[in-house]
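Listed below are the residues making up each chain.
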Amino acid sequence: MVEELLTAGIAAAAGAAVYLVAAARVVKQYERGVVLRFGRLREGVRGPGFTMVVPFADRLRKVNMQIVTMPVPAQEGITRDNVTVRVDAVVYFKVVDAASAVIEVEDYRFAVSQMAQTSLRSIIGKSDLDDLLSNREQLNQGLELMIDSPAVGWGVQIDRVEIKDVSLPETMKRSMARQAEADRERRARVINADAELQASKKLAEAAAVMSEQPAALQLRLLQTVVAVAAEKNSTLVLPFPVELLRFLERAAPAPGAPAATMIASGMSNQQIAAACFISEKTVKNHINRIFAKLHSTTRSEAIARWLGTARPGVTGHG
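Residues numbered from 1 in each chain as written. Predicted model: local features only at pLDDT ≥ 70, side-chain atom pairs only at ≥ 80, totals over all residues. Heavy atoms only, no water.

As a further point, take the sheet that holds strand β7 (residues 84–95). If you trace the 3 strands from one edge of the open sheet to the other, you get β6-β7-β8, paired in antiparallel fashion. Every interior strand has two partners, whereas the edge strands, β6 (68–78) and β8 (156–167), have only one. The sheet shows a mean angle of 25° between the axes of neighbouring strands, direction not considered. Looking at chain direction, β6 and β7 are connected through 9 bridges and run antiparallel. By the bridge assignment, Ile78 is partnered in β7 with Thr84. Its contacts with the sheet put helix α5 (residues 136–151) on β7 and β8, and the angle it makes with β8 is roughly 140°. (Pairing = 2+ DSSP bridges. Helix = DSSP H or I, 4+ residues; strand = E, 2+ residues; numbered from the N terminus. Axes fitted to C-alpha atoms, helices over the stretch in contact; angles between N-to-C directions. Contact = heavy atoms within 4.5 Å.)

Turning to the pairing of β7, a few remarks are in order. If you look at the hairpin formed by β6 and β7, you'll find 5 residues sitting between the two strands, and Asn82 has a positive phi there, around 65°. Bridge count for β7 against β8 is 10 bridges, and the pairing is antiparallel. The residue of β8 that forms the bridge with Asp88 is Asp165.

Turning next to the nonpolar core. Grouped together as the largest cluster of nonpolar side chains are 36 residues, with contacts concentrated most on Val85, Val91, Phe93, Tyr108, Val156 and Ile158. For this core, the secondary-structure elements that each account for two or more residues are β6, β7, α2 (98–103), α3 (108–126), α4 (129–134), α5 and β8. In terms of residue count, α3 provides more of this core than any other element does, 7 residues in total. The residues touching Phe93, leaving out its near neighbours within four places in the chain, are Gln66, Ile67, Val68, Met70, Tyr108, Arg109, Val112, Val156, Gln157, Ile158 and Asp159. (Core = buried A, V, L, I, M, F, W, Y, C linked by side-chain atoms within 4.5 Å. Buried < 20%, exposed > 50% of the residue type's maximum accessible area, 1.4 Å probe, protein only.)

None of the figures reported here should be taken as evidence of function without further support.
So this is what it looks like as structure tokens:
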């Protein structure tokens, strides 16, 4: 009798151990458990830790509650301004209702992926190329709303949607590069023109100040010469003073004045020849003929008479 009781106790202990092994389940911290008993949803979601189910009657489905990062494959479409582009994105979502994620949709990951792709193509068709390139924040928000609307019924919450890259055709890239280059060149020309305008105003002010003190212009000239000489150049260009040219211009006689007033009486034959653009021998011959004809007493009177009555034809003899 004792042996029978002992055998029955061992059998009961073994059966209990088998039951515990078959019924014991462990739910991790980032998971939630959904129990289906004979295919029917049991109320209440099993939390993390150790839990028990009825073997062969209950089925425990574990749902990951972590944020899932899902890349959206690149979608090719035509924008509203008829430009073909390829756009890819990334979706961040998580399950907030484990029971709905198991009951309402067969595979919530695949469903979210397909909804993200269709929504991305829809966004491409509704947007301009400039919006895809520069106004991504607004497009991300619109894409998030389009994906989140059906996902709420699946127990899924869309946390964030980001457009990753916008691929353009090579022809469009070259066109945009030419446009950007032309715009930069236009701005450079405007800046240069504005700089020339400001410089001209400053130069006009400087000229007005220097006109009050003529010596300031000469000092500025010397400063320029010093700056050029400091560069270790082999050739140094010295500008001719403008004041000297003006002095010579004022000292020159008026056109048509008597030739005698141009030349002092004490000039030599060589100087007279250089002033009249004739040879020295011609000057000497003319002076001797005047002495012979008019019997002038002095050389200066002969020079003055000859130069006063000379004509272009006379001075042209060589």
